[in-house]
Amino acid sequence: MVLAILVSLVFASGCQSIHPFAQRTKERIGAAREWANGGLEAFRNGRLQQAKGLFTRATEQRPDDFRARANLARTLHQSNETSEAITQMQQAVEQSGNDPGIMVELGEMYLATGQLGPANRQAQAALREHNRLASAWHLKGKVSRAKGDLDQALAELQKAAGLAPNLLPLQMDIADTYRMTGEPLKALVSLENLLAKHPADSQPEAAVTGKADLLLELKHYPSAIAMLQRASQQQNVTEPIMLRLGQAQLLAGQFSQARSTIARTKTMFPNTTNVAGPISDDLQRLSKAIDDRSNSDGQLVIR
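Quick caveat: nothing in here was measured; it's all calculated off a predicted structure. (Residues numbered from 1 in each chain as written. Predicted model: local features only at pLDDT ≥ 70, side-chain atom pairs only at ≥ 80, totals over all residues. Heavy atoms only, no water.)

(A) Up close: the side chain of Lys140. Of note, Lys140 is situated in helix 7 (residues 134-147). In this structure Lys140 comes out as buried when scored by relative accessible area, which is 11%. Leaving out residues up to four positions away in the same chain, Lys140 has contacts with Asn120, Ala123, Gln124, Leu127 and Glu156. (Helix = DSSP H or I, 4+ residues; strand = E, 2+ residues; numbered from the N terminus. Buried < 20%, exposed > 50% of the residue type's maximum accessible area, 1.4 Å probe, protein only. Contact = heavy atoms within 4.5 Å.)

(B) Molecular detail of the packing of helix 3 (residues 66-78) against helix 5 (residues 100-112). It is the contact of helix 3 with helix 5, at a shortest axis distance of 12 Å, that shows an interaxial angle of 20°. When the axis of helix 3 is compared with that of helix 5, the two are roughly parallel. Pair helix 3 / helix 5 crosses with left-handed handedness. Facing helix 3, whose interface residues are Phe66, Ala70, Ala73, Arg74 and His77, helix 5 presents Ile102, Glu105, Met109 and Ala112. Its residues assigned to classes, the contact of helix 3 with helix 5 comprises six nonpolar, one polar and two charged. (Axes fitted to C-alpha atoms, helices over the stretch in contact; angles between N-to-C directions. Parallel < 35°, antiparallel > 145°, perpendicular 65-115°, else oblique. Left-handed = near helix turned anticlockwise from the far one by under 90°. Nonpolar A, V, L, I, M, F, W, Y, C, P; charged D, E, K, R; others polar.)

(C) The arrangement of the nonpolar core in detail. Residues Met89, Ile102 and Leu228 are the most contacted members of the largest nonpolar core, which totals 63 residues. Top contributing element to this core by residue count: helix 5, with seven residues. Among residues more than four places away in sequence, those in contact with Ile102 are Phe66, Ala70, Met89, Ala92, Val93 and Ser96. Ranked by size, the runner-up nonpolar core spans nine residues in total, among them Leu243, Leu250, Leu283 and Ala289. (Core = buried A, V, L, I, M, F, W, Y, C linked by side-chain atoms within 4.5 Å.)

(D) Quick look at the pattern of salt bridges. One pass over the structure, following the stated rule, counts twelve salt bridges. For Arg179, the salt bridge identified is with Glu217, shortest N-O distance 2.7 Å. With a gap of 38 residues between them, Arg179 in helix 9 (residues 168-180) and Glu217 in helix 11 (residues 205-217) connect regions that are remote in the sequence. Of the charged contacts in the structure, one is a salt bridge between Asp292 and Lys288, with a shortest N-O distance of 2.8 Å. With Asp292 and Lys288 both in helix 16 (residues 278-292), this residue pair falls four residues apart, about one helical turn. Judged by relative accessible area, which is 40%, Asp292 ranks as partly exposed. (Salt bridge = Lys/Arg side-chain N within 4 Å of Asp/Glu carboxyl O.)

Printed below as a string of structure tokens:
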């Protein structure tokens with residue numbers, strides 16, 4: 001009886017000491033989660049400094065939260081703090097137990113800084129974890145292309161496309177790689193297949209401008225003009241579409257139409273065309289080319 005009472009007293013005393021610790025741990029986890037969620041919202045709205053601060057606080061509160069650490073790395077990368085971004089993503093990979101998706105992201109950061117060996121090793125490690133991961137094959141393809149092995153790059157990019165056929169950046173990389181191999185027609189077919197999957201009023205701009213560039217490179221000016229004119233009538237038309245339309249009209253010798261396109265672009269986008277910057281610079285170069293009536297090599301590069 002006495003022993004039972006003593007055990008009860010010890011147990012009760014232990015619970016009283018454990019409860020505050022458990023409560024503090026719960027509060028710490030809750031605070032970290034709140035900061036991480038706030039960081040996500042700030043990141044999605046482009047408030048990178050605020051996101052960086054919130055993710056930093058979250059990782060300080062919960063150092064083992066690899067998701068918050070990966071988000072901190074992404075924020076640092078977007079803020080051009082590349083070295084620290086890589087360091088944080090390396091830790092996220094370790095803490096996640098080698099999550100293949102995070103390994104690919106780390107590899108992309110290495111690739112962005114020209115570190116092809118580490119980038120390739122991350123892709124290979126990710127594929128060992130998940131050999132049907134499209135993003136890992138995509139990364140391998142980009143590394144091979146950066147090394148100049150275009151045939152290998154195409155094989156790896158096509159492997160990725162077989163796993164994720166509707167991924168726009170991947171399809172654009174395939175088209176660009178075909179272009180680099182001196183096969184613009186194959187690049188054109190690749191982009192046409194991609195565009196065929198989208199309604200005319202919601203086609204990806206990158207694919208539209210990519211196809212326009214290829215048509216201009218092949219000197220198929222009427223086809224480029226017709227496509228860009230259709231795109232220019234869409235509600236979501238952008239400055240690059242209008243600039244390429246003017247470029248195509250110039251190259252086709254349609255000088256008055258090109259001038260009209262320039263005037264229309266300035267009316268539609270006064271905030272970017274009337275201030276110093278890449279768009280206004282391209283418009284000025286296009287206007288000068290029209291005035292000079294000269295384009296001897298058939299090339300006028302619009303970004």
